[in-house]
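What the coordinates show
Each chain, written out:
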Amino acid sequence: MTSIKVVNTKETLAIAVREKVKVSEIPAAIGRMFGELYPHLGKGVHCVGPPFTLYHSWEGEVTDMEVGFPIVGKGVESGNVKTITLPAVRAAVAMHIGPYDKLTDTYHEVEEWMKVNGHMPASFCWEEYLNDPQEVPPDKLKTRLYWPII
């Protein structure tokens, strides 16, 4: 069982790319979307935290998602790259350790925990990637999940 706690997040400035993506294409889309962001880092835009994926909604086999980096300094408005603000919310937080294709298991645990503890989940959530899949094996990947509570 995953350890789950409730935290209050702070508003966080970020640069991000947003798209509607088929669920089966999420891994490829995330890589491509981060690729659009990398050229903007270090040019007056300074990353101050782990990269993230924000899921705005799920409709059948399609998700409205945004990938990004928290930043300080001036934002970016260039092509698909926009400046956004991750919201200040009260959220259930869980740490997933393992491959990305098993993240849904941890999301189901958080969802069940919310039901048992009388919390109502928001329609959006996000995850932070705490290490690099090119540097650690899949079973050592660390992903922090944030699911806001209504």
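The structure reproduced in this document is the subject of the present report. Treat the numbers as computed from the prediction; the structure is a model and nothing was measured. (Residues numbered from 1 in each chain as written. Predicted model: local features only at pLDDT ≥ 70, side-chain atom pairs only at ≥ 80, totals over all residues. Heavy atoms only, no water.)

**Comments concerning helix H1 (residues 26–37)**
Where we set the bar: Note on conventions: DSSP H or I runs of at least 4 residues are helices, E runs of at least 2 residues are strands, and numbering of each starts at the N terminus. In this analysis, the expected span of each helix is defined as 1.5 Å times one less than the number of residues it contains. With a 1.4 Å probe rolled over the protein chains alone, any residue whose accessible area is under 20% of its type maximum counts as buried; one over 50% counts as exposed, and the rest are partly exposed. This arc is built from the directions going out from the helix axis to the C-beta atoms.
In this model H1 runs 17 Å from its N-terminal to its C-terminal C-alpha over 12 residues, within 8% of the 16 Å that 1.5 Å per residue would give. Looking at H1, one finds that the buried residues are Ile26, Ala29, Ile30, Met33, Phe34 and Leu37. Relative to the axis of H1, the buried residues are bounded by an arc of 130° and lie together on one face. Opposite the buried face of H1, at more than 90 degrees from it, the exposed residues are Pro27 and Ala28.

**Focus on the pattern of salt bridges**
Applied cut-off: Salt bridge, as used here: a side-chain nitrogen of Lys or Arg that lies within 4 Å of a carboxyl oxygen of Asp or Glu.
Under the defined criterion, the tally for this structure stands at three salt bridges. Among the salt bridges present, the one from Glu19 reaches Arg32, with a minimum N-O distance of 2.7 Å. Taken together, the positions of Glu19 in strand E2 (residues 12–22) and Arg32 in helix H1 put the pair 13 residues apart, joining distant regions of the chain. For Glu128, the salt bridge goes to Arg144, with nearest N and O atoms at 2.8 Å. You can see Glu128 sitting in strand E8 (residues 125–129) and its partner Arg144 sitting in strand E9 (residues 142–148), a full 16 residues away along the chain. Look at Glu128 and you get buried, because its relative accessible area is 14%. Given the relative accessible area of 25%, Arg144 is considered partly exposed.

All quantities given are derived from atomic positions and should not be read as evidence of function.
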